[in-house]
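# Topology and contacts: notes
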Amino acid sequence: MDFFAKSLFSLKNLLASKASQSVLGLDIGTSSIKVVQLRKEKEQAVLETYGEIALGPYANMQVGQAVNLADDKLIEALKDVLRESNTKTKRAAVAIPLKSSFVTIINIPSLEGKDISEMIHLEARRYIPVPISEVVMDWWVFPEEESEEKTADGRKFIKVLLVAIHKDTINEYRKIISSSKLELDKFEIETFSMIRSSLGRETSPVAVIDFGASTTKVAIVDFGIMKSSYSINKGSQDLTLALSNSLGVDFKRAEETKREIGLSDLPEHKEMVNIMEPILEYIFSEIRSVITDYQRKYKQTINRTIITGGGAMLKGLTEFSVKHLSMEVNLADPFLKTEYPAFLGGSLKKAGLSFSVAIGLALLDL
Ligand SMILES: Nc1ncnc2c1ncn2[C@@H]1O[C@H](COP(=O)(O)OP(=O)(O)OP(=O)(O)O)[C@@H](O)[C@H]1O
Ligand SMILES: [Mg+2]
């Protein structure tokens, strides 16, 4: 498979599709669009088709490069990937970037008989940095987890996970989706989608890391609930850019080198690995602070990390992560909760990591 082809791959009509029951998960990343179509059959999610298209070429840039496309170019790319992967439904769940979102956990004093939604709205004003009228808000109450603290008059606090997305961001997505002849069924912050596809029933807290092209997302999940999240402003593209600058080669060549040698420990690759390591060390120092803050705040130890996203395909990244996080690290298996023909297993395992957000979205919509 030539990964420098404009469309990375697509799979036509994997299984006979009953379009009406199928849903799309759509992840518009900064370097590529990922789409999957799932159908529910006997309580099981079945993969019907999937595809990925690099966005670089739509801005006269390279595959793997993060770009900020004008709407018309983005719509063109979206139409192309839908056509090439031969999707059959219009119903789509779409990811919103973590960095365009606001996620926090707040404490609300429990008030018998008082409307919780009213309380949350009141409290949210103190946390959300823009006027409440400008955002779409959602929340989940943690039932089992009343906080230790009490109000002055002895009432308990209830913990609430609060998320907010600016209306302008949502309207922008609505416009792109409807111009591509799709129906926006649901939207979700990318991190929640990635967690849904990457995690099974974990009984102790885990860190989940999505290595994207321009950002690295960290989430701490305890009993399926995301309790902490952070978007680091460096990603896999920065490794390519560093190689390109230091070796004096173009982005395309640097991207090939990155994918080919990864974090190889062969002496002849040392120079190139030395160029990439400081960026990864920065990213991992940020990840460690998220983990340490969590451990301190919740008095819990995190013993396991799961890594995903296209950037997690970097050879040797698992070993590097073990060394820098001092814990067990596993690669995610985003297609774990879906059924697919056995012959696809190999290619999904290899390419599947960049699909964790798209799969999680489609699973939500099913
Ligand atoms: N085999 C590989 N080895 C190393 N890096 C890889 C490999 N395959 C893909 N990548 C890198 O993964 C990145 C793309 O990952 P992904 O598709 O998850 O990003 P994205 O969703 O577009 O970005 P973001 O989440 O930051 O918006 C690119 O930087 C690319 O170079
Ligand atoms: Mg991404």
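Residues numbered from 1 in each chain as written. Chains lettered and ligands numbered in written order. Predicted model: local features only at pLDDT ≥ 70, side-chain atom pairs only at ≥ 80, totals over all residues. Heavy atoms only, no water.

Each helix and strand in the chain was counted, giving 10 helices and 15 strands. Over its C-alpha trace the chain gives a radius of gyration of 21 Å, about what one expects of a compact globule, namely 21 Å for 366 residues. Referenced to the eigenvectors of the C-alpha coordinate spread, the extents of the chain come out at roughly 65 × 50 × 40 Å. When each of the 366 residues of the chain is scored for burial, the buried share is 55%. Look at the contacts in the chain between residues 6 or more apart in sequence, and 68% of them connect residues 24 or more apart. Each charge class in the chain was averaged separately, 46 positive and 49 negative side chains, and the resulting centres sit 3 Å apart. (Helix = DSSP H or I, 4+ residues; strand = E, 2+ residues; numbered from the N terminus. Rg over C-alpha atoms; globule rule 2.2 N^0.38 Å. Buried < 20%, exposed > 50% of the residue type's maximum accessible area, 1.4 Å probe, protein only. Contact = heavy atoms within 4.5 Å. Lys, Arg positive; Asp, Glu negative; His and termini not counted. Charge placed at Lys NZ, Arg CZ, Asp CG, Glu CD.)

A few words on the site of ligand 1. Every one of the 23 residues lining ligand 1 counts as a neighbour, but S31, K34, K217, E255 and K258 are closest to it. Taking S31, its side chain carries an N or O atom lying 2.7 Å from an oxygen atom of ligand 1. Here an oxygen atom of ligand 1 sits 2.9 Å away from a polar atom, N or O, in the main chain of A213. Element by element, the count of residues in the shell around ligand 1 is highest for helix α6 (residues 251-261), at three residues. (Near = heavy atom within 4 Å. Polar contact = N/O pair within 3.5 Å; in protein donor to acceptor, adjacent residues only side chain to side chain.)

Now for the packing of helix α7 (residues 270-298) against helix α8 (residues 317-325). Geometry of a packed helix pair, given as the angle between the helix axes and the separation of the axes. Taken N-terminus to C-terminus, the directions of α7 and α8 make an angle of 50°; their axes are 10 Å apart at the nearest point. Relative to α8, the element α7 is oriented oblique. Both α7 and α8 take part in a crossing whose hand is right-handed. Contact with α7, carried on its side by E277, L280, E281, F284, I287, R288 and I291, involves L317, F320, S321, H324 and L325 of α8 and no other residues of that element. For the contact of α7 with α8, the class distribution of residues is seven nonpolar, two polar and three charged. (Axes fitted to C-alpha atoms, helices over the stretch in contact; angles between N-to-C directions. Parallel < 35°, antiparallel > 145°, perpendicular 65-115°, else oblique. Left-handed = near helix turned anticlockwise from the far one by under 90°. Nonpolar A, V, L, I, M, F, W, Y, C, P; charged D, E, K, R; others polar.)

On to the domain arrangement of the chain. Split by domain assignment, the chain resolves into domain 1 (7-98 + 169-199 + 332-365), domain 2 (99-167) and domain 3 (229-329). Once you take the C-alpha centre of each, domain 1 and domain 2 turn out to be 32 Å apart. Taken residue by residue, the interface counts nine residues in domain 1 and 11 residues in domain 2. Both sides of the domain 1 and domain 2 interface together cover about 920 Å² of buried area, and 67% of this is carbon and sulfur. Linking domain 1 to domain 2 there are zero salt bridges. Summed over the shared surface of domain 1 and domain 2, the number is 10 residue pairs in polar contact (both at pLDDT 80 or more). Among the secondary structure elements, those contributing two or more residues to the side of domain 1 that touches domain 2 are α3 (167-179) and β9 (183-189). Sort the elements by how many residues they give to the side of domain 1 that touches domain 2 and α3 lands first, with three residues. Tallied by class, the residues present in the side of domain 1 that touches domain 2 amount to seven nonpolar, two polar and no charged. (Domains from an automatic or database assignment. Buried area = accessible area lost by both parts, 1.4 Å probe. Salt bridge = Lys/Arg side-chain N within 4 Å of Asp/Glu carboxyl O.)

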